[in-house]
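Take a look at the letters that make up each chain.
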Amino acid sequence: MAANAPSRSLRRFLIRFLFLFFILPQLSAGLVLPGGFSDGGHRYVCRRNFFSLCSSAVGAISLVATSPVQAEGVSSDTTIPTASNIDYRAVASDIEDLIARVPYRGPPLVRLAWHSSGTYDRVTETGGSGGGTIRFQEELAHKENVGLAQPIKWLERIKVKYGDALSYADLYTMAGGGFDSWKQEMVNFRFVLVLIAICHLYAAWFKILCIHNDPWPNFVMRCAKVVAIKVMGGPPIPWGYGRTDAPDSSAVTPDGRLPGADSGKPGYDESDSAHLRATFNQMGFDDGDIVALSGAHALGRCNKWASGYDGTWTTDPVAFDNSYFVLLESLRWRRREWDGPFQYEARAVGGKALMMLPTDLALLRDPSFRKYVRLYAKDRSRFERDFSAAFQKLEELGTKGLIPVQLWT
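Every chain begins its residue count from 1, and numbering advances along the sequence as written. Only residues with pLDDT of at least 70 get local features here, since the model is predicted, and only at 80 or more are side-chain atom pairs given and counted; chain-wide, interface and lining totals rely on the full set of residues. The side-chain figures draw on all heavy atoms in the structure; neither hydrogens nor water molecules are used.

Visitor: Account for the overall build of the protein chain, naming residues and giving values.
Guide: On a plain count of helices and strands, the protein chain comes out with 15 helices and seven strands. Out of the 409 residues belonging to the protein chain, those deemed buried represent 49%. The long-range share in the protein chain, meaning contacts at least 24 apart out of those at least 6 apart in sequence, stands at 73%. Helix numbers and strand numbers start at the N terminus; a helix is a DSSP run of H or I with at least 4 residues, a strand a run of E with at least 2. Three labels apply to residues, based on accessible area from a 1.4 Å probe with only protein chains included: buried if under 20% of the type maximum, exposed if over 50%, partly exposed otherwise in between. Contact criterion: two residues are considered in contact whenever any of their non-hydrogen atoms come within 4.5 Å of each other.

Visitor: So what's going on with the packing of helix 4 (residues 106–117) against helix 7 (residues 168–175)? Residues and values would help.
Guide: Fitting a line to C-alpha atoms yields each axis, with helices limited to the stretch in contact; the angle taken between N-to-C directions then spans 0 to 180 degrees. Their axes nearest at 7 Å, the elements helix 4 and helix 7 cross at an angle of 130°. The angle between the axes of helix 4 and helix 7 places the two elements in the oblique class. Here helix 4 runs over helix 7; the crossing is left-handed. Contacts from Leu109, Leu112, Ala113, Ser116 and Ser117 in helix 4 reach Tyr172, Thr173 and Ala175 in helix 7. Taken together, the residues of the contact of helix 4 with helix 7 break down into five nonpolar, three polar and no charged. Just so you know how the angles are binned, under 35 degrees is roughly parallel, over 145 roughly antiparallel, 65 to 115 roughly perpendicular, and the rest oblique. In this scheme the crossing of two helices becomes right-handed for a clockwise turn of the near helix relative to the far one and left-handed for an anticlockwise turn of less than a right angle. Each residue gets one label: Ala, Val, Leu, Ile, Met, Phe, Trp, Tyr, Cys and Pro are nonpolar, Asp, Glu, Lys and Arg are charged, and the others, such as Gly, are polar.

Visitor: For the environment of Ala353, give the residues involved together with the corresponding values.
Guide: By the secondary structure assignment, Ala353 is in strand 6 (residues 353–356). Linking Ala353 and Thr312, residues 41 residues apart in sequence, is a C-alpha distance of 8.1 Å. Not counting the four nearest positions on each side in its chain, Ala353 is found in contact with Thr312, Ala346 and Arg347.

Visitor: Tell me about the environment of Phe383, residues and numbers included.
Guide: Mapping Phe383 onto the fold places it in helix 15 (residues 380–395). Sequence separation between Phe383 and Ala292 is 91 residues; the distance between their C-alpha atoms is 6.5 Å. Ignoring any residue separated from it by four or fewer positions in sequence, one finds Phe383 in contact with Ala292, Gly295, Phe320, Asp321, Asn322, Phe325 and Tyr376.

Now the structure itself:
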(Lines give C-alpha, C1' and ligand atoms only; values in the text may rest on other atoms or scores of the structure.)
Protein backbone atom coordinates (compact mmCIF):
# COMPACT_ATOMS: atom_id res chain seq x y z
CA MET A 1 0.00 0.00 0.00
CA ALA A 2 1.69 3.16 -1.16
CA ALA A 3 2.10 5.91 1.39
CA ASN A 4 0.52 8.51 -0.89
CA ALA A 5 -2.42 6.31 -1.92
CA PRO A 6 -4.89 8.01 0.45
CA SER A 7 -4.19 11.49 -0.90
CA ARG A 8 -4.46 10.37 -4.55
CA SER A 9 -7.72 8.50 -3.95
CA LEU A 10 -9.20 11.37 -1.96
CA ARG A 11 -8.13 13.93 -4.56
CA ARG A 12 -9.68 11.96 -7.42
CA PHE A 13 -12.87 11.45 -5.46
CA LEU A 14 -13.20 15.13 -4.55
CA ILE A 15 -12.62 16.26 -8.14
CA ARG A 16 -15.27 13.83 -9.36
CA PHE A 17 -17.70 14.94 -6.66
CA LEU A 18 -17.28 18.66 -7.35
CA PHE A 19 -17.70 18.20 -11.09
CA LEU A 20 -20.76 15.95 -10.89
CA PHE A 21 -22.71 17.86 -8.25
CA PHE A 22 -21.72 21.49 -8.66
CA ILE A 23 -20.14 22.23 -12.06
CA LEU A 24 -22.20 19.88 -14.26
CA PRO A 25 -25.59 21.00 -12.86
CA GLN A 26 -24.70 24.64 -13.47
CA LEU A 27 -23.50 23.97 -17.02
CA SER A 28 -26.60 21.94 -17.89
CA ALA A 29 -28.97 24.48 -16.37
CA GLY A 30 -27.21 27.27 -18.27
CA LEU A 31 -28.13 25.64 -21.59
CA VAL A 32 -31.78 26.70 -21.12
CA LEU A 33 -32.60 30.16 -22.45
CA PRO A 34 -35.14 32.34 -20.60
CA GLY A 35 -36.99 33.61 -23.66
CA GLY A 36 -40.66 32.74 -24.14
CA PHE A 37 -41.57 31.89 -20.57
CA SER A 38 -44.20 33.57 -18.45
CA ASP A 39 -43.93 36.21 -15.74
CA GLY A 40 -40.82 36.36 -13.63
CA GLY A 41 -39.22 33.43 -15.43
CA HIS A 42 -41.06 31.01 -13.11
CA ARG A 43 -41.14 28.20 -15.67
CA TYR A 44 -37.56 28.95 -16.59
CA VAL A 45 -36.49 28.44 -12.96
CA CYS A 46 -38.33 25.11 -12.88
CA ARG A 47 -36.69 24.07 -16.16
CA ARG A 48 -33.24 24.95 -14.80
CA ASN A 49 -33.93 22.90 -11.71
CA PHE A 50 -35.07 20.00 -13.86
CA PHE A 51 -31.75 19.98 -15.71
CA SER A 52 -29.93 20.31 -12.39
CA LEU A 53 -31.82 17.30 -11.05
CA CYS A 54 -31.04 15.20 -14.13
CA SER A 55 -27.32 15.95 -14.01
CA SER A 56 -27.21 15.35 -10.24
CA ALA A 57 -28.95 12.00 -10.72
CA VAL A 58 -26.33 11.04 -13.30
CA GLY A 59 -23.66 12.16 -10.85
CA ALA A 60 -25.06 10.09 -7.99
CA ILE A 61 -25.21 6.97 -10.13
CA SER A 62 -21.70 7.58 -11.45
CA LEU A 63 -20.28 8.25 -7.99
CA VAL A 64 -21.66 5.03 -6.55
CA ALA A 65 -20.89 2.97 -9.65
CA THR A 66 -17.25 4.11 -9.77
CA SER A 67 -16.64 3.75 -6.03
CA PRO A 68 -13.43 1.79 -5.38
CA VAL A 69 -15.35 -0.35 -2.89
CA GLN A 70 -16.06 -3.67 -4.58
CA ALA A 71 -19.65 -4.73 -5.15
CA GLU A 72 -19.58 -7.65 -2.77
CA GLY A 73 -16.51 -6.95 -0.71
CA VAL A 74 -13.74 -9.15 -2.18
CA SER A 75 -11.05 -7.94 -4.54
CA SER A 76 -11.12 -8.78 -8.23
CA ASP A 77 -7.76 -10.57 -8.20
CA THR A 78 -8.54 -14.30 -8.32
CA THR A 79 -4.95 -15.53 -8.04
CA ILE A 80 -4.74 -18.27 -5.43
CA PRO A 81 -1.65 -17.62 -3.28
CA THR A 82 0.50 -20.39 -1.83
CA ALA A 83 1.53 -20.72 1.79
CA SER A 84 4.91 -19.15 1.01
CA ASN A 85 3.64 -15.97 -0.66
CA ILE A 86 0.21 -15.22 0.80
CA ASP A 87 -0.32 -11.45 1.08
CA TYR A 88 -1.96 -10.79 4.44
CA ARG A 89 -2.35 -7.11 3.61
CA ALA A 90 -4.49 -8.18 0.67
CA VAL A 91 -6.55 -10.41 2.98
CA ALA A 92 -7.02 -7.50 5.37
CA SER A 93 -8.04 -5.27 2.45
CA ASP A 94 -10.64 -7.82 1.34
CA ILE A 95 -12.07 -7.92 4.87
CA GLU A 96 -12.20 -4.11 4.92
CA ASP A 97 -14.06 -4.03 1.62
CA LEU A 98 -16.51 -6.58 2.99
CA ILE A 99 -17.26 -4.26 5.91
CA ALA A 100 -17.18 -1.05 3.87
CA ARG A 101 -20.28 -2.04 1.90
CA VAL A 102 -22.22 -2.74 5.12
CA PRO A 103 -20.61 -1.13 8.22
CA TYR A 104 -22.91 -3.09 10.54
CA ARG A 105 -20.94 -6.20 9.61
CA GLY A 106 -18.07 -4.85 11.73
CA PRO A 107 -19.40 -5.60 15.23
CA PRO A 108 -20.36 -9.25 14.48
CA LEU A 109 -16.85 -9.85 13.11
CA VAL A 110 -15.34 -8.47 16.33
CA ARG A 111 -17.65 -10.79 18.27
CA LEU A 112 -16.57 -13.73 16.10
CA ALA A 113 -12.90 -13.07 16.84
CA TRP A 114 -13.71 -12.66 20.54
CA HIS A 115 -15.71 -15.87 20.85
CA SER A 116 -13.30 -17.93 18.76
CA SER A 117 -10.50 -16.93 21.16
CA GLY A 118 -12.30 -16.74 24.53
CA THR A 119 -12.59 -20.49 25.13
CA TYR A 120 -9.01 -20.88 26.35
CA ASP A 121 -8.30 -22.62 29.67
CA ARG A 122 -4.77 -22.08 30.94
CA VAL A 123 -4.95 -25.07 33.30
CA THR A 124 -5.76 -27.67 30.64
CA GLU A 125 -4.21 -25.57 27.83
CA THR A 126 -7.21 -26.22 25.62
CA GLY A 127 -9.35 -23.90 23.53
CA GLY A 128 -8.43 -20.52 22.18
CA SER A 129 -8.22 -19.28 18.61
CA GLY A 130 -5.59 -21.76 17.46
CA GLY A 131 -7.83 -24.35 15.84
CA GLY A 132 -10.53 -22.20 14.27
CA THR A 133 -13.04 -24.59 15.86
CA ILE A 134 -15.87 -22.08 15.96
CA ARG A 135 -16.61 -23.01 12.35
CA PHE A 136 -17.91 -26.40 13.51
CA GLN A 137 -21.60 -26.77 14.30
CA GLU A 138 -20.80 -28.29 17.68
CA GLU A 139 -19.26 -24.99 18.84
CA LEU A 140 -21.69 -22.73 17.02
CA ALA A 141 -24.45 -24.45 18.99
CA HIS A 142 -23.03 -23.12 22.28
CA LYS A 143 -25.38 -20.74 24.07
CA GLU A 144 -23.21 -17.63 23.69
CA ASN A 145 -22.49 -18.23 19.98
CA VAL A 146 -26.01 -17.77 18.62
CA GLY A 147 -25.91 -15.66 15.47
CA LEU A 148 -22.21 -16.20 14.65
CA ALA A 149 -22.97 -18.46 11.68
CA GLN A 150 -23.68 -15.30 9.68
CA PRO A 151 -20.24 -13.62 9.95
CA ILE A 152 -18.62 -16.99 9.30
CA LYS A 153 -20.60 -17.15 6.07
CA TRP A 154 -19.48 -13.62 5.11
CA LEU A 155 -15.83 -14.66 5.43
CA GLU A 156 -16.19 -17.93 3.51
CA ARG A 157 -15.68 -16.30 0.11
CA ILE A 158 -12.40 -14.80 1.29
CA LYS A 159 -11.32 -18.20 2.60
CA VAL A 160 -12.14 -19.81 -0.75
CA LYS A 161 -10.18 -17.12 -2.58
CA TYR A 162 -6.95 -17.80 -0.68
CA GLY A 163 -7.48 -21.53 -0.20
CA ASP A 164 -5.70 -23.71 2.33
CA ALA A 165 -2.85 -21.20 2.61
CA LEU A 166 -5.11 -19.10 4.83
CA SER A 167 -6.37 -20.86 7.95
CA TYR A 168 -9.83 -20.22 9.33
CA ALA A 169 -8.19 -19.46 12.68
CA ASP A 170 -6.05 -16.69 11.19
CA LEU A 171 -8.95 -15.34 9.13
CA TYR A 172 -11.35 -15.09 12.09
CA THR A 173 -8.84 -13.34 14.34
CA MET A 174 -7.71 -10.96 11.61
CA ALA A 175 -11.35 -10.05 10.86
CA GLY A 176 -11.82 -8.78 14.42
CA GLY A 177 -8.57 -6.85 14.55
CA GLY A 178 -9.81 -3.49 13.28
CA PHE A 179 -9.64 -1.25 10.23
CA ASP A 180 -7.00 0.52 8.21
CA SER A 181 -7.62 4.01 9.59
CA TRP A 182 -7.28 6.05 6.39
CA LYS A 183 -9.38 3.63 4.37
CA GLN A 184 -12.20 3.58 6.91
CA GLU A 185 -12.20 7.38 7.04
CA MET A 186 -12.38 7.42 3.23
CA VAL A 187 -15.37 5.06 3.34
CA ASN A 188 -17.14 7.28 5.86
CA PHE A 189 -16.24 10.46 3.98
CA ARG A 190 -17.49 8.96 0.72
CA PHE A 191 -20.73 7.99 2.44
CA VAL A 192 -21.17 11.54 3.70
CA LEU A 193 -20.62 13.05 0.26
CA VAL A 194 -23.04 10.61 -1.37
CA LEU A 195 -25.57 11.50 1.32
CA ILE A 196 -25.10 15.19 0.57
CA ALA A 197 -25.60 14.40 -3.11
CA ILE A 198 -28.87 12.63 -2.33
CA CYS A 199 -29.92 15.65 -0.28
CA HIS A 200 -29.10 17.80 -3.31
CA LEU A 201 -31.46 15.65 -5.39
CA TYR A 202 -34.23 16.08 -2.83
CA ALA A 203 -33.76 19.84 -2.78
CA ALA A 204 -33.76 20.03 -6.59
CA TRP A 205 -36.92 17.92 -6.77
CA PHE A 206 -38.77 20.24 -4.42
CA LYS A 207 -37.66 23.21 -6.50
CA ILE A 208 -38.95 21.55 -9.68
CA LEU A 209 -42.31 21.15 -8.03
CA CYS A 210 -42.05 24.85 -7.20
CA ILE A 211 -42.55 24.19 -3.50
CA HIS A 212 -41.10 27.22 -1.80
CA ASN A 213 -39.97 27.57 1.83
CA ASP A 214 -40.35 23.84 2.41
CA PRO A 215 -38.43 22.82 5.54
CA TRP A 216 -37.61 19.26 4.35
CA PRO A 217 -34.57 20.02 2.13
CA ASN A 218 -33.02 22.17 4.89
CA PHE A 219 -33.69 19.42 7.42
CA VAL A 220 -31.97 16.83 5.21
CA MET A 221 -28.93 19.06 4.76
CA ARG A 222 -28.66 19.58 8.51
CA CYS A 223 -28.65 15.79 8.94
CA ALA A 224 -25.87 15.46 6.37
CA LYS A 225 -23.68 17.84 8.37
CA VAL A 226 -24.20 15.80 11.54
CA VAL A 227 -23.11 12.57 9.81
CA ALA A 228 -19.86 14.25 8.78
CA ILE A 229 -18.51 14.30 12.34
CA LYS A 230 -18.81 10.54 12.77
CA VAL A 231 -15.58 8.65 12.28
CA MET A 232 -15.51 4.94 12.98
CA GLY A 233 -12.35 3.12 13.99
CA GLY A 234 -10.58 1.73 17.02
CA PRO A 235 -6.92 1.33 18.02
CA PRO A 236 -4.58 -0.83 15.92
CA ILE A 237 -4.38 -4.44 17.16
CA PRO A 238 -1.01 -6.16 16.61
CA TRP A 239 -1.60 -9.44 14.76
CA GLY A 240 0.40 -12.43 13.59
CA TYR A 241 -0.29 -15.50 11.46
CA GLY A 242 0.57 -19.15 11.96
CA ARG A 243 -2.54 -20.69 13.52
CA THR A 244 -3.33 -24.18 12.28
CA ASP A 245 -6.91 -25.31 11.82
CA ALA A 246 -8.17 -28.31 13.78
CA PRO A 247 -9.11 -31.07 11.29
CA ASP A 248 -12.39 -31.95 12.98
CA SER A 249 -14.72 -31.03 15.84
CA SER A 250 -12.97 -33.20 18.42
CA ALA A 251 -11.05 -30.09 19.50
CA VAL A 252 -14.25 -28.17 20.34
CA THR A 253 -14.27 -27.22 24.03
CA PRO A 254 -17.25 -27.75 26.39
CA ASP A 255 -19.99 -25.13 26.44
CA GLY A 256 -19.83 -22.59 29.28
CA ARG A 257 -16.34 -21.11 28.91
CA LEU A 258 -17.50 -17.75 27.54
CA PRO A 259 -18.86 -14.97 29.78
CA GLY A 260 -22.64 -14.82 30.07
CA ALA A 261 -25.10 -11.97 30.45
CA ASP A 262 -26.41 -12.95 33.88
CA SER A 263 -25.44 -15.34 36.65
CA GLY A 264 -27.40 -16.46 39.69
CA LYS A 265 -30.74 -14.82 40.27
CA PRO A 266 -32.05 -12.36 37.63
CA GLY A 267 -30.43 -8.94 37.79
CA TYR A 268 -27.09 -7.89 39.18
CA ASP A 269 -25.73 -9.44 42.35
CA GLU A 270 -22.29 -10.50 43.54
CA SER A 271 -22.53 -13.76 41.59
CA ASP A 272 -22.19 -11.77 38.37
CA SER A 273 -18.84 -10.33 39.48
CA ALA A 274 -17.73 -13.80 40.55
CA HIS A 275 -18.80 -15.22 37.19
CA LEU A 276 -16.78 -12.63 35.27
CA ARG A 277 -13.67 -13.28 37.33
CA ALA A 278 -13.97 -17.07 37.07
CA THR A 279 -14.44 -16.88 33.29
CA PHE A 280 -11.63 -14.42 32.58
CA ASN A 281 -9.19 -15.67 35.23
CA GLN A 282 -9.14 -19.10 33.56
CA MET A 283 -7.75 -17.30 30.49
CA GLY A 284 -5.18 -15.38 32.53
CA PHE A 285 -6.88 -11.95 32.67
CA ASP A 286 -7.10 -9.67 35.72
CA ASP A 287 -9.78 -7.13 36.71
CA GLY A 288 -8.32 -4.38 34.53
CA ASP A 289 -8.30 -6.67 31.50
CA ILE A 290 -11.91 -7.68 32.18
CA VAL A 291 -13.10 -4.08 32.13
CA ALA A 292 -10.98 -3.12 29.11
CA LEU A 293 -12.28 -6.04 27.03
CA SER A 294 -15.83 -5.25 28.09
CA GLY A 295 -15.39 -1.94 26.31
CA ALA A 296 -16.03 -3.82 23.06
CA HIS A 297 -19.71 -3.41 23.99
CA ALA A 298 -19.37 0.04 22.43
CA LEU A 299 -20.01 -1.94 19.24
CA GLY A 300 -23.05 -3.90 18.15
CA ARG A 301 -26.32 -4.75 19.80
CA CYS A 302 -28.32 -7.55 21.40
CA ASN A 303 -31.05 -9.13 19.28
CA LYS A 304 -34.08 -10.72 20.85
CA TRP A 305 -34.11 -13.51 18.26
CA ALA A 306 -30.53 -14.48 19.18
CA SER A 307 -29.88 -13.97 22.90
CA GLY A 308 -33.30 -12.92 24.12
CA TYR A 309 -31.92 -9.50 25.09
CA ASP A 310 -32.65 -6.41 23.04
CA GLY A 311 -31.00 -3.07 22.33
CA THR A 312 -27.67 -1.28 21.99
CA TRP A 313 -25.20 -0.31 24.70
CA THR A 314 -24.29 2.99 23.06
CA THR A 315 -25.90 5.60 20.83
CA ASP A 316 -23.61 4.75 17.88
CA PRO A 317 -23.07 0.97 17.73
CA VAL A 318 -20.62 1.12 14.82
CA ALA A 319 -18.21 3.61 16.44
CA PHE A 320 -15.42 2.30 18.65
CA ASP A 321 -14.68 4.68 21.53
CA ASN A 322 -15.03 4.90 25.31
CA SER A 323 -18.73 5.83 25.24
CA TYR A 324 -19.67 2.48 26.80
CA PHE A 325 -17.96 3.52 30.02
CA VAL A 326 -19.20 7.11 29.88
CA LEU A 327 -22.81 5.96 29.54
CA LEU A 328 -22.47 3.14 32.06
CA GLU A 329 -21.23 5.58 34.70
CA SER A 330 -23.33 8.64 33.91
CA LEU A 331 -26.83 7.31 33.20
CA ARG A 332 -29.38 6.07 35.71
CA TRP A 333 -29.99 2.41 34.96
CA ARG A 334 -33.30 0.79 35.88
CA ARG A 335 -34.86 -2.58 35.26
CA ARG A 336 -36.68 -2.75 31.95
CA GLU A 337 -40.28 -3.83 32.30
CA TRP A 338 -40.94 -6.16 29.38
CA ASP A 339 -41.56 -9.80 28.51
CA GLY A 340 -37.86 -10.62 27.99
CA PRO A 341 -35.02 -11.54 30.37
CA PHE A 342 -33.83 -9.17 33.07
CA GLN A 343 -31.93 -6.23 31.59
CA TYR A 344 -31.42 -2.58 32.45
CA GLU A 345 -32.43 0.47 30.45
CA ALA A 346 -31.79 4.20 30.41
CA ARG A 347 -32.23 7.07 27.99
CA ALA A 348 -29.32 9.01 26.61
CA VAL A 349 -29.36 12.69 25.72
CA GLY A 350 -31.79 12.98 22.85
CA GLY A 351 -34.07 10.27 24.19
CA LYS A 352 -32.46 7.19 22.61
CA ALA A 353 -33.15 4.06 24.66
CA LEU A 354 -30.05 2.10 25.67
CA MET A 355 -29.57 -1.16 27.54
CA MET A 356 -27.12 -2.86 29.87
CA LEU A 357 -26.88 -6.49 30.95
CA PRO A 358 -26.53 -7.60 34.59
CA THR A 359 -22.83 -8.39 34.01
CA ASP A 360 -22.39 -4.86 32.64
CA LEU A 361 -23.76 -3.47 35.89
CA ALA A 362 -21.25 -5.66 37.73
CA LEU A 363 -18.51 -3.41 36.37
CA LEU A 364 -20.18 -0.41 37.96
CA ARG A 365 -21.20 -1.95 41.29
CA ASP A 366 -18.04 -3.93 42.07
CA PRO A 367 -15.44 -1.56 43.64
CA SER A 368 -12.44 -3.16 41.92
CA PHE A 369 -14.08 -3.04 38.50
CA ARG A 370 -15.55 0.42 39.05
CA LYS A 371 -12.20 2.18 39.34
CA TYR A 372 -11.34 1.06 35.79
CA VAL A 373 -14.75 2.11 34.49
CA ARG A 374 -14.13 5.63 35.85
CA LEU A 375 -10.60 5.67 34.48
CA TYR A 376 -11.68 4.70 30.95
CA ALA A 377 -14.68 7.03 30.99
CA LYS A 378 -12.28 9.94 31.56
CA ASP A 379 -9.36 8.79 29.42
CA ARG A 380 -10.16 7.39 25.98
CA SER A 381 -6.49 7.07 25.00
CA ARG A 382 -5.74 4.97 28.07
CA PHE A 383 -8.75 2.74 27.31
CA GLU A 384 -7.75 2.18 23.69
CA ARG A 385 -4.17 1.40 24.70
CA ASP A 386 -5.26 -1.12 27.33
CA PHE A 387 -7.91 -2.63 25.05
CA SER A 388 -5.41 -3.15 22.25
CA ALA A 389 -3.02 -5.01 24.55
CA ALA A 390 -5.77 -7.14 26.10
CA PHE A 391 -7.37 -7.99 22.75
CA GLN A 392 -4.02 -9.02 21.27
CA LYS A 393 -3.48 -11.27 24.28
CA LEU A 394 -6.98 -12.71 23.86
CA GLU A 395 -6.42 -13.57 20.19
CA GLU A 396 -3.07 -15.21 20.92
CA LEU A 397 -4.24 -17.46 23.76
CA GLY A 398 -3.21 -21.07 23.15
CA THR A 399 -1.02 -20.22 20.15
CA LYS A 400 2.73 -20.57 19.64
CA GLY A 401 5.22 -19.16 17.17
CA LEU A 402 2.96 -16.59 15.52
CA ILE A 403 4.72 -14.45 12.90
CA PRO A 404 3.91 -10.73 13.28
CA VAL A 405 2.55 -8.95 10.21
CA GLN A 406 2.42 -5.19 9.64
CA LEU A 407 -1.04 -5.04 8.08
CA TRP A 408 -1.19 -1.25 7.74
CA THR A 409 1.36 1.28 6.58
